[in-house]
Every structure is written in C-alpha cells, then in structure tokens.
There are 2 protein chains.
Amino acid sequence: EEVAKLLELKSQINETGNQKFTLKTPKGTRDFSPHQMAVRSSVLNKIISVFKKHGAETIDTPVFELKEVLTGKYGEDSKLIYDLKDQGGEILSLRYDLTVPFARYLAMNKISNIKRYHIAKVYRRDNPSIARGRYREFYQCDFDIAGLYDPMIPDAECIRIVYEILNTLDLKPFVIKINHRSLLDGMLETCGVPADKFRSICSAIDKLDKSPWQDVKKEMIEEKDLTEEIADKIGQYVQLNGGRQLVDELLQNQNLIKSKSAVEGLESVKLLLDYCELFGTLDAVSFDLSLARGLDYYTGIIYEAVLMGKDTSDSDISVGSVAGGGRYDNLVGMFDSKNKNVPCVGVSIGVERIFAVLEGKLVASNKKIRTTEVEVFVATAQKNLVNERMKLCKELWDNNFKVEYSYKKSPKLLVQLQHCEEYDIPLAVILGESEIQRGVVKLREVSTRAEVEISRSELADEIRKRLQGIQLNGTS
Amino acid sequence: EEVAKLLELKSQINETGNQKFTLKTPKGTRDFSPHQMAVRSSVLNKIISVFKKHGAETIDTPVFELKEVLTGKYGEDSKLIYDLKDQGGEILSLRYDLTVPFARYLAMNKISNIKRYHIAKVYRRDNPSIARGRYREFYQCDFDIAGLYDPMIPDAECIRIVYEILNTLDLKPFVIKINHRSLLDGMLETCGVPADKFRSICSAIDKLDKSPWQDVKKEMIEEKDLTEEIADKIGQYVQLNGGRQLVDELLQNQNLIKSKSAVEGLESVKLLLDYCELFGTLDAVSFDLSLARGLDYYTGIIYEAVLMGKDTSDSDISVGSVAGGGRYDNLVGMFDSKNKNVPCVGVSIGVERIFAVLEGKLVASNKKIRTTEVEVFVATAQKNLVNERMKLCKELWDNNFKVEYSYKKSPKLLVQLQHCEEYDIPLAVILGESEIQRGVVKLREVSTRAEVEISRSELADEIRKRLQGIQLNGTS
C-alpha cells in the first residue's frame, strides 16, 4: 500500500513534474493578490454606495453569450471578441462589455424601466499594454437608466453620479466633458463632410485629446480624403470648449444652425447644463466639441470624465479618462423582434484605471492597507497549550470577534507577535499556565506593546471597549 | 440628413430585425434579476463575514487558464471543461473550479502560507438539470488554509467555519460528515480490494447517501467485479457512522488495524473530534464511513455538510449537500518544478444550493426582500416642478441620503406614491407651489401614509430621526 502510494506519486511527477509549460496566467490577464483585492474592494464599495444612493438595483448575466448576440454590435472591434471552441451545441463568445448583455436582458425580459448597476469582468483580445493598464480581462462597472423619460433628466443624474464617485474617491481635480451626437453630425454636415464619412472623421476628431490639431487635420486630409477647406472648417469647431456661453454663441452661428440636427444637439446640451447647475455639478462640466467617442452605440448626449491632476505617483500610469458614457436609444430594439426600443443612458466607470491610480497613490504615501480584519490574536508563550488557545478562540468567536491563532502546537511567541505586527492586528491575548490557573489572560495592545492582566470573565467586554477606541485602518 | 438616419435605422432592422436566433442565455446559464441578486448578496455577505472572522484574505484569478494548467487534474470529468477557440496564441480553458487555480497561484508565486477565500463563477459543460439547481455556470465559494501546520488544527477550523456559516444562514438542522482517505484506503485493503480498484469502489460507496446498500453492493459485484464476500466485508464498514465511540471500536477491530493506513486515518479522526469538541462543533459532526467523495484531490480528512430539514418550501429543490471539502497536500506540488508541496485543507460552500433553499424559504414565508436601499422619494402633486424636485434631491444627496425622484417632468402623484410602496421606500417628501413659497415640505411615512409639514431647514434632521426609527427590511 505504501508502494501503491509511491507509484501514484511517481506517476504524478512524470505527468507534470518536468513541466513543458511555463507557470503563468494567460496573456493579458493577471491574478490579484490579497493586497490588490483590498484596494479593489475598498474602491468598489465606495462606487456601489454611490449607485445605491441613487436607487440602483443590480443584475448579473453569464460571462458568455450566444455569438449572435454580440454580432454586429462592435463594428471593427468585433475581431477582439473571444470565441469559445465549438464542442457541440451552441456557438458562444465571452462578453465584450456589459452594455450589449444589458440590452439583451431588457429585450428578453421585456423590461422597459430599470435603473441598474453591473460590475463584472469583460474580455477583449486586444494587444495588452500592461504599462498603460490595458488588459485582456478587466472589470467594467456600469450604471444605466432604461426607460422613456423626459429629455436630459436621467442623463443629468448619470453625470451627477460620476461627479459623486470621483469626489468620493478623492480624485479631484477632474473635468466631465460633454458633447452630443446630433451636434457632431450636424456640424460635419454643415462643414460639407459626406454622411458616409461621419464615423471615420469622428474617430479622427476623438484623437484630439492626445494629438495636436495639425496631426488630426493631416489624418483627415491624407487618410480620410477631406479637402483642406473642409478640414479647416471642422477645426474651427472641434477646438472649442466651454460652458453655456459657448452654446449660446454656437446657436448664433448662421452656418451651424442651418442644420436641424445641430440645433437639436445644442438645445439638448443647453438643457443638460441647466440641470447640471441644479445638481451642483456644473463646475466640473465642460462642453467640448472634440469629444466624439463611442459613436457605434450612442444616439444622444455623450460624456467622458478626465482626471486633471499631475501624475505624481507613477509615471507608468497615464492619468486620463476614468469614466465615459452616453445615451443609446436604439440598442435594445436590435434585440426585440418588433424592434421595440427602450431608451437608455448610462455610464461606465473606468475602475481598472482608478485602481491603478489609487494603488500608485498608496505606494507613494507609504500607507498600508489591511488585507484582513482580524481584531484579536490568541497567543501563548508556552508549549502545548493549543487546546487552551482553541478554547479561548471559541469563546471569542462566539462573542463575534474576528480572531486568529497559530496553527502550530507550540509556536514561538516572537513569531506570533510578529504576525500581529505584520497584519496590523490591534490586540493580542496571551495565555500561559499561570494565567490559566488564575483565570486571567494578558491583553496586549500590539502597537504600543502595553500589556495588562484581565480576568477571563471581563475579557470580552474589555476587548469591545478597546476596539472602539483603537483607530483601525480598515479595508472598507 | 434625416434620410441618412432613416437608412441607417433601416439597415439595423434588416441586420437583426427578423432575428434568426432565439433570444436566450446559453444553455445551462441564466441571468440574475435584481431580486435574485439581493438574496445572493445578502447570503454572500454573511458567508464573507464568517471568513473574515477567521482572518481570511481574498484573491482573484482569471476566468480562464492555460489549458495545460487544468490537464490531468479532474480525471474523467475533464471532458466537461470549456475550451476557448484557438484564435492564435495560447490554448485556453475556462476554470472548472477554484482549487486548481489556487494551487497554480501558490506555486507560481511561491507562497507557502495563506488563508484565503475566493468567490467566483466556474464552468462545467455538464448536463444541466435546472430543476435540481445544476447549471453550467455557477458560483463557487471556497475557503482554504495553505501551510505546513500541526495535524488536524486547520482542518478543525474549516469545520468550525462550515458550522458557523450554516448557523448564521439559519439552515439548522445539519450534519457535518467526516471521514479520512487513509481509513478508506486501509479499509478497502483489509477487505481484499486490489489497489487499482480503490477509486472506482469509492465512487460506488459514495452513492450510499442516495441509494440503499443493496444497490451499491450490486454495482460492486456486477460492474466492478468484486466477489460477494469482499463486497459484504465492505458493507459492514460503510454502513457505520457515529462519534468517538465508533472510532474507539474500530481501533479495536483486529482486521482493520492490520492496515497501518487505517490506523493512521482513525487516529486522525480521533484527534479531529477532540478539536471539534474544543471548538463547540462536535454536536453537528458525524464520523461516517460511507463518505468517499472527491478522492481525485484529497489526501487526508474529507468532510461534507448535509441539511437534514424536510424540504417544505419547494419540492423541486432537493435538500442535500451544502458544503464539502478536505485536505489536499499534493496538488500544489503538481505545479512546482521541484514538486515542492504546500499542504492545503479547504472547504467549498455550495452557495448555489443555499441560494435555492433560501429563495424557496422567502417565497414560502411571503417575505419581501428589497432590491434597492432608497430612503427618501422626492415627489410632487403639481406639474412643472422638476427643477424644484432636482434642487431638493441635490440637497438630500449632499446630506448623504439615498434618494430617488421621477424622471418625468410632470409625473402623476399616484404613480409616484405607488412606486414608493412597490419598492418599500420608507419616506416621501412632497413638494407643491404653496410649500415652496412657504419654505416647507410635506413629509410622508409611506407605510402609514401619515403626513406632516416640516420646514425645509429642519428636513434633513427630521429624516435622519425618522430613518433611525423605521425598521427597514434591508437587503443586507
């Protein structure tokens, strides 16, 4: 029987011992350590609190969808979708974002009103750029309002939510850029751009956050075949940004207001800015004609939040867009057999970038974040007291304290106390033969190393009192 | 330009309007509604609290792994693994459980000590049995202790954790069955079963929770080629269960103790039962020789928690195993180039089954669970007060209340109040022209429909006072 075991072990070694494969996670993915998870859950909890403050429910959908559900929703980016192997049965793909599954969910369940958030991982076979925080598996964190409501009212609440989240996470200063699809369309139309080029010109315009106008203009002329005259007309608009005054000026622009679509967009922006003032977010909002993102979906207002701070913490992480969204009124209809639409507006919080920024800040500030919430460590200075330690742990667990002890029968006191300091456990209870006989314990405050003797019967109350007094650097 | 829009819309309709595909989630998967998510997060929060009470950290790993990581870990069940399509690059599979990724994580990062929980979805191309709550995508909820410690000490804590979780979730009565792999091996050896049949005979034994001994015996003889004599010998053992007395009796069994392995197993069980007594879990623990699950991994103690209650709520959901685990000391070594092992013991909480049981109980008890946490609804009885409602919402949000209002410019009062009742929102603030002029609002307690007039300046304090008084059926 020992031989059988050895043989089995041997066969295991032969199978996997001399591994032919490198031990790694798939390209563009990563594990999260307890420390990273602590930062993440602290950030996500704050974001979820804001969503709940605005009455959001949450839903969940499968990590994969029928391939057909994703087909035709992402334009050129469709090539980045992960497909599952055909193992018989349905043809499946991993979700590429949370918006298309949300639209599928609404259509399938015939839901015409919901305010929901959804936090989950999505998958893109993109070229991972780890230095810039771009992965193939990453969290999305979406809030959306579906339903037929009056213009710009839910849209204004999405902006308020972004505003609250970035404030709560202490990411000031930031700016929330807004623009409107109808205005973009109308502007391009009045500049003389043919309708079939709107999207490709918009994607050029959208590069203005990183490239100077001269480069974008060059792209328009050389790659997208616009005349210099048309490009210059566009340039006059897309370099503009401001507030209500800019809206009013554009509403006076005789060229622009020839387009009904442009006027409609401008009126919408104007109304949204009024609502932003009521919601106290106007100081962070900037009407910006160069914002031209995500036009595969969006049908109305579009917005994007950008951090303005100097990146002092980690030069590898470029501060930039940390939230984006807009109105998409036609997506749900694509799933409905009668093309019944449910108007939607939503925002996606760029949590991966936020995690990276906040992790960088933590490192820079030399602050520690706790990965456990242990309140009391039960230790001993003597050998063979494991039974006594276990009994005491039981008492403390029964009193609902968060308690740890060493899993060795006779651990060294120094090792136990080092563990307490390493994990920032505030209190240690120390047991010895003499204490057990006298019905007492030593209670040690880990940070000051001060110890007092306390009777066993008063221990729970004393711990409770101490914990209230001690400022914990909690993880949430 | 209108024409362009219409054409675009038309093309969308043609693309997807007459859908060729049924609108559904992939086979064996499902969406979770806000109501289901509320039950889930309430259950998961309670479970996580117990893990944290025992000092656990959490980690996360990618949803897919290199296929080679999963190869050779699941025996026959490997055929249930979801593979991704080869789109160039690495060959990937969806994770089948959380234990193998955990072992890969430990080996890859050379971690020899950790106590972690991991809650995430896993994937199995099993035949879904929706009625019995078996899906292809489902949550696993694992707690494991890795590290070289003294015998049965971390093992006893895993059992204490199961005990606390099932108590916290009000799932009494339950029993935690325990057994030991060495005892099973030794028992089969002394009964005369050839070593190469141990696993297949164990899988027959494991059916005793559902089938009578006669059926299992028949399988052993007819399908697994044991003699009747050997089967009967096995039968004498595997129908036994009990506590310490049974251990002591078996330690007197002259046949059994010929096997060193059996004695080792029995001594381990004895020590574990001692520790269970210290931890106050002994009343729920049953030493059960028919427990023979999961022997692809397990090298030592194995355990499984079973609910004993009659299933009053929903006859489709069979109450049964809700947690299982054991010791697996050789898994990490399979990933280490020098086969360095990290001993591990852990437990997996069967949260899907627990969700189903608790959802059934909720339905049976006619209790409502809230899907939002809204505290105050800002309403109006008059038209065109949307700006005033928005201003008031801002004030209340700034005071950190959870606040909703209607996104229509002129909603009907009745519709607004119905929304409050449907979502169990405790308070409504009602605004009208006259109230605005006088600097007051009406504050309505939704459940009693009692209204009082309150000055705007005292509103926040009054709401705070009321909320403390009102018992919320919270979601957590």
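Shown above is the structure to which this text applies.
A word on the sheet that holds strand S12 (residues 376-380) of chain B
All names here are of chain B. What the 5 strands build is an open sheet, ordered S13-S12-S14-S15-S16; its pairing is mixed. With partners counted over all chains shown, the strands left at the sheet margins are strand S13 (403-405) and strand S16 (450-455), one partner each. The average angle at which neighbouring strand axes cross in this sheet is 30°, direction not considered. Where strand S14 (residues 427-431) lies against strand S15 (residues 440-445), 4 bridges are found, and the strand directions are antiparallel. Bridge pairing in S15 links Leu427 to Glu445. Against the sheet, helix H13 (residues 386-398) contacts S12, S13, S14 and S15, and its axis sits at roughly 170° relative to S13.

So, the interface of chain A and chain B
Facing 114 residues of chain A, the contacting portion of chain B comprises 112 residues. A combined buried area of about 10,000 Å² lies between chain A and chain B, and 57% of that area is made up of carbon and sulfur atoms. Looking only at chain A, the three residues that lose the most surface to chain B are A:Lys53, A:Trp397 and A:Tyr407, adding up to 9% of its buried area. The residue B:Arg160 makes a salt bridge to A:Asp398 at a minimum N-O spacing of 2.9 Å.

Re the packing of helix H6 (residues 181-191) of chain A against helix H7 (residues 198-205) of chain A
Helix-helix packing is characterised by the crossing angle of the two axes and by the distance between the axes. All names here are of chain A. Two elements in contact, H6 and H7, have axes whose closest approach is 11 Å; the angle formed by their N-to-C orientations is 105°. With respect to their mutual orientation, H6 and H7 come out roughly perpendicular. Residues Arg181, Leu184, Asp185, Met187, Leu188 and Glu189 of H6 form the contact with H7, whose own contacting residues are Phe198, Arg199, Ile201, Cys202 and Ile205.

Brief notes about the pattern of salt bridges
Where side chains of opposite charge bring their charged atoms close, a pairing between them can arise. As enumerated under the stated definition, the model contains 83 salt bridges over all chains in all. In this structure, A:Arg30 engages A:Glu352 in a salt bridge whose closest nitrogen and oxygen atoms are separated by 2.9 Å. Taken together, the positions of A:Arg30 in the loop between helix H1 (2-17) and helix H2 (34-53) and A:Glu352 in helix H12 (residues 351-365) put the pair 322 residues apart, joining distant regions of the chain. What makes A:Glu352 buried here is its relative accessible area of 10%. Among the ionic pairs, B:Arg160 bridges to B:Glu164, the shortest N-O distance being 2.7 Å. Of this pair, B:Arg160 and B:Glu164 both sit in helix H5 (residues 153-168), 4 residues apart, which is roughly one turn of that helix.

Description of the environment of B:Val39
All names here are of chain B. Tracing the backbone through its elements, the reader meets Val39 in helix H2 (residues 34-53). Judged by its relative accessible area of 3%, Val39 falls in the buried class. Residues Val39 and Thr371, spaced 332 residues apart in sequence, show a C-alpha to C-alpha distance of 8.8 Å. In this structure Val39 touches Glu359, Leu362 and Ile369, once residues within four positions along its chain are discounted.

Examining H6(A)
All names here are of chain A. Burial analysis of H6 places 9 of its 11 residues in the buried class, which makes it a mostly covered element. Restricting attention to buried positions, one finds in H6 the residues Arg181, Ser182, Leu183, Leu184, Asp185, Gly186, Met187, Leu188 and Cys191. Where H6 terminates, the next one or two residues include Gly192, which has phi positive at roughly 95°.

Quick word on the packing of H2(B) against H5(B)
Residues and elements named next belong to chain B. Interhelical geometry of H2 versus H5 gives an angle of 145° and a closest axis separation of 9 Å. Remark: the crossing between H2 and H5 carries right-handed chirality. In contact with Lys46, Ile47, Val50, Phe51 and Lys53 of H2, H5 contributes Ile161, Glu164, Ile165 and Thr168. Each residue belonging to the contact of H2 with H5 can be placed in one class, and the counts come to 5 nonpolar, 1 polar and 3 charged.

Calculation rules
- Residues numbered from 1 in each chain as written.
- Chains lettered and ligands numbered in written order.
- Predicted model: local features only at pLDDT ≥ 70, side-chain atom pairs only at ≥ 80, totals over all residues.
- Heavy atoms only, no water.
- Pairing = 2+ DSSP bridges.
- Helix = DSSP H or I, 4+ residues; strand = E, 2+ residues; numbered from the N terminus.
- Axes fitted to C-alpha atoms, helices over the stretch in contact; angles between N-to-C directions.
- Contact = heavy atoms within 4.5 Å.
- Buried area = accessible area lost by both parts, 1.4 Å probe.
- Salt bridge = Lys/Arg side-chain N within 4 Å of Asp/Glu carboxyl O.
- Parallel < 35°, antiparallel > 145°, perpendicular 65-115°, else oblique.
- Buried < 20%, exposed > 50% of the residue type's maximum accessible area, 1.4 Å probe, protein only.
- Left-handed = near helix turned anticlockwise from the far one by under 90°.
- Nonpolar A, V, L, I, M, F, W, Y, C, P; charged D, E, K, R; others polar.

That is the geometry; function is a separate question.
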